[in-house]
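# Structure at a glance
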Amino acid sequence: MALNAEHVQQLIVLQKHDQAIDVVDKALADIPAAIQVLKNTIEEARNKAASAKAQVQDFEKKKKERELELAQKEEAIRKHSGELNTVKTNEAFKALQTEIDRAKSEVGDIETAILELMEKIDAAQKELKKVAADFSAEEKVLLAQIAEKESSLAATQAKKEALLTERQALAAPIPEDIHKIYDHIRSRGKRDPISKAIKKSDGGAVCGACRMNLAPQMVIEVTKLKNFVFCESCQRILYIPEVLEKALKVGA
Ligand SMILES: [Zn+2]
């Protein structure tokens, strides 16, 4: 396919521009991922604070249950104590007294359990206070970082828009078939479709990208600057900078 020095120069400029777009694209992928990491960190801290709160609530619930149980036992003791005056037989009196004693002993156990729960609630509340303060401080820092990243994302998006507009201007003068070949190589993962061929002291040359030796006939072809020459190993478009420079000067 026919080619001239100007086209090669246009492709080199376009490639440099496309590589700048690649850098921006990478940032456009990386920034949202970084924002997500920050959001996850906030969520983890929030969960930690929530579980500290749930711990306090759990102890409080247990304390309430014990208090209810205590009230029931105390009511039973009161009731049985009243009944002591009404029983007729000695056995019934003894049985009732045993019942009352057992309930009193249970009351003692419940009171101990309530005291233990009050200590646990106290410790859990202190922990909650600390965790909540830590969360609030951490969240503030993380939200600021997120805001910073979001504004950087917006700026990067604007930069990409500008680069794409510039690209249209750079690509416009390049013949469509040449542009297609360039895009095709790029779409296959070679982000630098056009590569220097580096001359060696023995007159030969290597591909500047993959370092493969070029066949002598290929070196001649590249030097002519008339047709596309592709590296046989990596399929990039080749040019020799010194040859290109001379040709551009002659053209001008
Ligand atoms: Zn190569």
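What you see is a predicted model; the values in this text were computed from it and never measured.

Thresholds applied
Residues numbered from 1 in each chain as written. Predicted model: local features only at pLDDT ≥ 70, side-chain atom pairs only at ≥ 80, totals over all residues. Helix = DSSP H or I, 4+ residues; strand = E, 2+ residues; numbered from the N terminus. Rg over C-alpha atoms; globule rule 2.2 N^0.38 Å. Contact = placed C-beta atoms within 7 Å. Pairing = 2+ DSSP bridges. Domains from an automatic or database assignment. Core = buried A, V, L, I, M, F, W, Y, C linked by C-beta atoms within 7 Å. Buried ≥ 20, exposed ≤ 12 C-beta atoms within 10 Å, placed from the backbone. Axes fitted to C-alpha atoms, helices over the stretch in contact; angles between N-to-C directions. Parallel < 35°, antiparallel > 145°, perpendicular 65-115°, else oblique. Left-handed = near helix turned anticlockwise from the far one by under 90°. Expected span 1.5 Å × (residues − 1).

### Brief notes about the overall build of the chain
A tally of helices and strands in the chain yields five helices and three strands. In the chain, the succession of helices and strands from N to C terminus is α-α-α-β-β-α-β-α. Here the chain has a C-alpha radius of gyration of 41 Å; the compact-globule value for 252 residues is 18 Å, and the former is much larger. Dimensions along the principal axes, computed over C-alpha positions, put the chain at roughly 130 × 35 × 30 Å. Counting contacts in the chain only where the partners sit at least 6 residues apart, residues at least 24 apart contribute 71% of the total.

### Describing the pairing of strand β1 (residues 194-199)
Pairing between β1 and strand β3 (residues 237-239): three bridges, direction parallel. Across the sheet, residue Ile-194 finds its bridge partner in β3, namely Ile-237. In the sheet, β1 pairs with strand β2 (residues 205-207) via three bridges, with the strands oriented antiparallel. Bridging from a neighbouring strand, Lys-199 pairs with Ala-205 of β2. From the end of β1 to the start of β2, which pair antiparallel, there are five residues, and Gly-203 there has a positive phi angle of about 95 degrees.

### Considerations on the domain arrangement of the chain
Here the chain is partitioned into domain 1 (21-171) and domain 2 (193-251). Measuring from the centre of the C-alpha atoms in domain 1 to the corresponding centre in domain 2 gives 69 Å.

### Some details on the nonpolar core
Nonpolar side chains tend to gather and get buried jointly when the protein is soluble and globular. Counting 22 residues, the largest nonpolar core has Val-8, Leu-11, Ala-197, Cys-207, Val-222, Leu-238 and Tyr-239 as the members making the most contacts within it. Secondary structure elements with two or more residues in this core: α1 (5-83), β1, β2, α4 (216-224) and β3. Here this core takes four residues from α1, the largest share from any one element. Excluding residues within four positions of it along the chain, Ala-197 makes contact with Ala-205, Val-206, Cys-207, Gly-208, Leu-214, Val-222, Leu-238, Tyr-239 and Ile-240.

### Topic: the sheet that holds β1
Consider a sheet: its strands pair through backbone hydrogen bonds, and that pairing is either parallel or antiparallel. One open sheet accounts for three strands, arranged β2-β1-β3; its pairing is mixed. Across the chains shown, the open sheet's two edge strands, defined by having one partner strand only, are β2 and β3. For this sheet, the mean inter-axis angle between neighbouring strands, taken without regard to orientation, is 35 degrees.

### Focus: the environment of Arg-191
Within the element layout of this structure, Arg-191 appears in the loop between α3 (176-187) and β1. Each C-alpha atom of the pair Arg-191 and Lys-16 lies 9.9 Å from the other, and the pair is 175 residues apart in sequence. Arg-191 has contacts with Gln-19, Asp-22 and Arg-186, leaving out every residue within four places of it along the chain.

### Section: the environment of Glu-106
Turning to its location among the elements, Glu-106 is positioned in helix α2 (residues 90-171). What makes Glu-106 partly exposed here is the crowd of 15 C-beta atoms within 10 Å. With 120 residues separating them in the primary sequence, Glu-106 and Lys-226 have C-alpha atoms 104 Å apart.

### Quick look at the packing of α1 against α2
The N-to-C vectors of α1 and α2 enclose an angle of 165 degrees; their axes lie 5 Å apart at closest approach. Taken together, the axes of α1 and α2 lie roughly antiparallel to each other. Crossing angle aside, the handedness with which α1 passes α2 is left-handed.

### Focus on α1
The α-helix winds at 3.6 residues per turn, so residues separated by three or four positions along the chain end up facing the same way. Helix length check: α1, at 79 residues, gives a terminal C-alpha distance of 116 Å against a target of 117 Å (1.5 Å per residue), a fit within 8%. Listing the buried residues of α1 in full gives Ala-5, His-7, Val-8, Gln-10, Leu-11, Leu-14, Asp-18, Ala-49, Ala-52, Phe-59 and Lys-73.

### Side note on the environment of Gln-157
Residue placement: Gln-157 occurs in helix α2. When the C-alpha atoms of Gln-157 and Leu-28 are compared, they prove to be 7.2 Å apart, with 129 residues separating the residues in sequence.

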